[in-house]
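Chain by chain, the residues run as shown.
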Amino acid sequence: KAVSECRARLGAVTFLVNNASINTGSGVVCTVDPDDWWRTIEVNLKGPFNFIRAVLPAMVSAGAGRIVSMGSYVANSPLPFNSAYATSKAALLRLTDSVAAEVVGYGIQVFAVSPGWVWSDMTRYAEAQMRANIPDFDGVDPEFIFPPEAVAKLIRKIASGMADALSGRMIHVMNDLNTLIAQADEIIDKDRLALRFNP
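Residues numbered from 1 in each chain as written. Predicted model: local features only at pLDDT ≥ 70, side-chain atom pairs only at ≥ 80, totals over all residues. Heavy atoms only, no water.

J.: Honestly, the pairing of strand E2 (residues 65-70) in this entry has me stumped. Any pointers?
T.: For a regular strand, the rule is simple: side chains alternate between the two faces of the sheet. For E2, the buried fraction is high: five of the six residues fall into the buried class. Since strand E1 (residues 15-18) and E2 lie parallel, the crossover through helix H2 (residues 34-62) that links them has a hand, and here it is right-handed. Looking at chain direction, E2 and strand E3 (residues 108-114) are connected through six bridges and run parallel. For Arg 66, the partnering residue across the bridge sits in E3 and is Gln 109. Once you follow E2 into helix H3 (residues 83-102) and on to E3, the crossover reads as right-handed. (Buried < 20%, exposed > 50% of the residue type's maximum accessible area, 1.4 Å probe, protein only. Helix = DSSP H or I, 4+ residues; strand = E, 2+ residues; numbered from the N terminus. Right-handed = clockwise from strand over helix to strand, strands pointing away. Pairing = 2+ DSSP bridges.)

J.: Looking at this structure, I do not really get a negative patch on the surface. What am I missing?
T.: A surface patch of negative charge is lined by Asp 136, Asp 138, Asp 141 and Glu 143. Among the structural elements, Glu 143 can be located in the loop between helix H4 (121-133) and helix H5 (148-160). (Patch = residues over 30% accessible without salt bridge, like charges linked within 9 Å, V, L, I, M, F, W, Y side chains within 5 Å. Areas by Shrake-Rupley, 256 points an atom, 1.4 Å probe, with all protein chains shown as cover. Salt bridge = Lys/Arg side-chain N within 4 Å of Asp/Glu carboxyl O. Lys, Arg positive; Asp, Glu negative; His and termini not counted. Charge placed at Lys NZ, Arg CZ, Asp CG, Glu CD.)

J.: Help me understand H5 in this model?
T.: The α-helix winds at 3.6 residues per turn, so residues separated by three or four positions along the chain end up facing the same way. End to end, H5 covers 19 Å across 13 residues, agreeing with the expected 18 Å (1.5 Å per residue, within 8%). Looking at H5, one finds that the buried residues are Val 151, Leu 154, Ile 155 and Ile 158. End-on view of H5: buried residues confined to an arc of 95°, all on one side of the axis. For H5, the exposed residues set more than 90 degrees away from the buried face come down to Glu 149, Arg 156 and Ser 160. Looking at the packing, one finds that the buried side of H5 touches E1, E2, E3, strand E4 (170-172) and helix H6 (177-182). (Expected span 1.5 Å × (residues − 1). Arc of directions from axis to C-beta. Contact = heavy atoms within 4.5 Å.)

J.: Help me understand the sheet that holds E3, please; the structure alone is not making it clear to me.
T.: Within a sheet, neighbouring strands are paired by backbone hydrogen bonds and run either parallel or antiparallel to one another. The strand order E1-E2-E3-E4 describes an open sheet built from four strands, whose pairing is parallel. The two strands at the open ends of the sheet, each matched to only one other strand, are E1 and E4. On average, adjacent strands in this sheet sit at an angle of 25° to one another, irrespective of strand direction. Here E3 runs beside E4; their pairing, made up of three bridges, is parallel. Directly across from Ala 112, in E4, lies its bridge partner Met 170. Contacts between H3 and the sheet are confined to E2, E3 and E4, with E3 contributing the most and set at about 160° to the helix. (Axes fitted to C-alpha atoms, helices over the stretch in contact; angles between N-to-C directions.)

J.: Quick question: what am I supposed to make of the packing of H2 against H3 here?
T.: Each packed pair of helices is defined by two parameters, the angle between the axes and the distance between the axes. Contact geometry for H2 and H3: axes closest at 7 Å, N-to-C directions at 20°. By the angle between their axes, H2 is roughly parallel relative to H3. Crossing hand, H2 versus H3: right-handed. Only Ser 83, Ala 84, Tyr 85, Thr 87, Ser 88, Lys 89, Ala 91, Leu 92, Leu 95 and Val 99 of H3 make contact with H2, whose side of the interface consists of Trp 37, Thr 40, Ile 41, Asn 44, Leu 45, Pro 48, Phe 49, Ile 52 and Leu 56. The residue inventory of the contact of H2 with H3, partitioned by class, reads 13 nonpolar, five polar and one charged. (Parallel < 35°, antiparallel > 145°, perpendicular 65-115°, else oblique. Left-handed = near helix turned anticlockwise from the far one by under 90°. Nonpolar A, V, L, I, M, F, W, Y, C, P; charged D, E, K, R; others polar.)

J.: Help me understand the side chain of Ser 69 in this model?
T.: Along the polypeptide, Ser 69 turns up in strand E2. With relative accessibility at 1%, the residue Ser 69 sits in the buried group. Here the side chain of Ser 69 touches Asn 18 through a polar contact of 3.1 Å, side chain to side chain. In contact with Ser 69, other than residues within four places in its own chain, are Asn 18, Pro 48, Ile 52, Leu 92, Thr 96, Phe 111, Ala 112 and Val 113. (Polar contact = N/O pair within 3.5 Å; in protein donor to acceptor, adjacent residues only side chain to side chain.)

J.: How do you make sense of the side chain of Lys 89 when you look at a structure like this?
T.: Take Lys 89: it is sitting in helix H3. For the buried Lys 89, no salt bridge exists, and the shortest N-O distance to an oppositely charged side chain is 15 Å, to Glu 42. Once residues within four sequence positions are removed from consideration, Lys 89 is found in contact with Ser 21, Asn 44, Met 70, Gly 71, Ser 72 and Ala 75.

J.: What am I meant to see in the pattern of salt bridges here?
T.: Note that side chains of opposite charge can pair when their charged atoms are close. Counted by the stated rule, this structure contains four salt bridges. Where Arg 94 meets Asp 97, a salt bridge forms, and the shortest distance between an N and an O atom there is 2.5 Å. Of this pair, Arg 94 and Asp 97 both sit in helix H3, three residues apart, roughly one helical turn.

Okay, here's the thing in structure tokens:
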């Protein structure tokens, strides 16, 4: 319904950003509510899946389109007491590179973006869980905290097409995009199975 309404008001969908995300399944995995845990998977993984399915046929027909899903660095690193969120983001990366592989030759590029730690109600809740359950946790490293504007700037660059050579990858907001683009051939050739770039 949302995609149909966008088409009616704005025309063809040429750029999709899957940004909706929740983290209701936080806590110790053996005591967390299973329904809350699974709800995080549904929103963070099934949501992007449904939107990709809704826009992709028209993109294929048009021979053009770009899709960005909001990933997370925790897809590649454990996040204690937030297993549902970390699991959903790991699966989202595999969905990203799988879809990118399916649309090779159709003029469509697919990315994930890791925004770093952007303060929101959800990230404050996640930090509270870590403070409550990790004795020596003293807060999120300021080096990994970014304003929303930094993430928006990266997504605008992806929307422009400048990062098309990196389709299928997760790009972290910390990455120097120009450097990655300059190294794209080498990255693709030597790092075929990687889902992220080291910042």
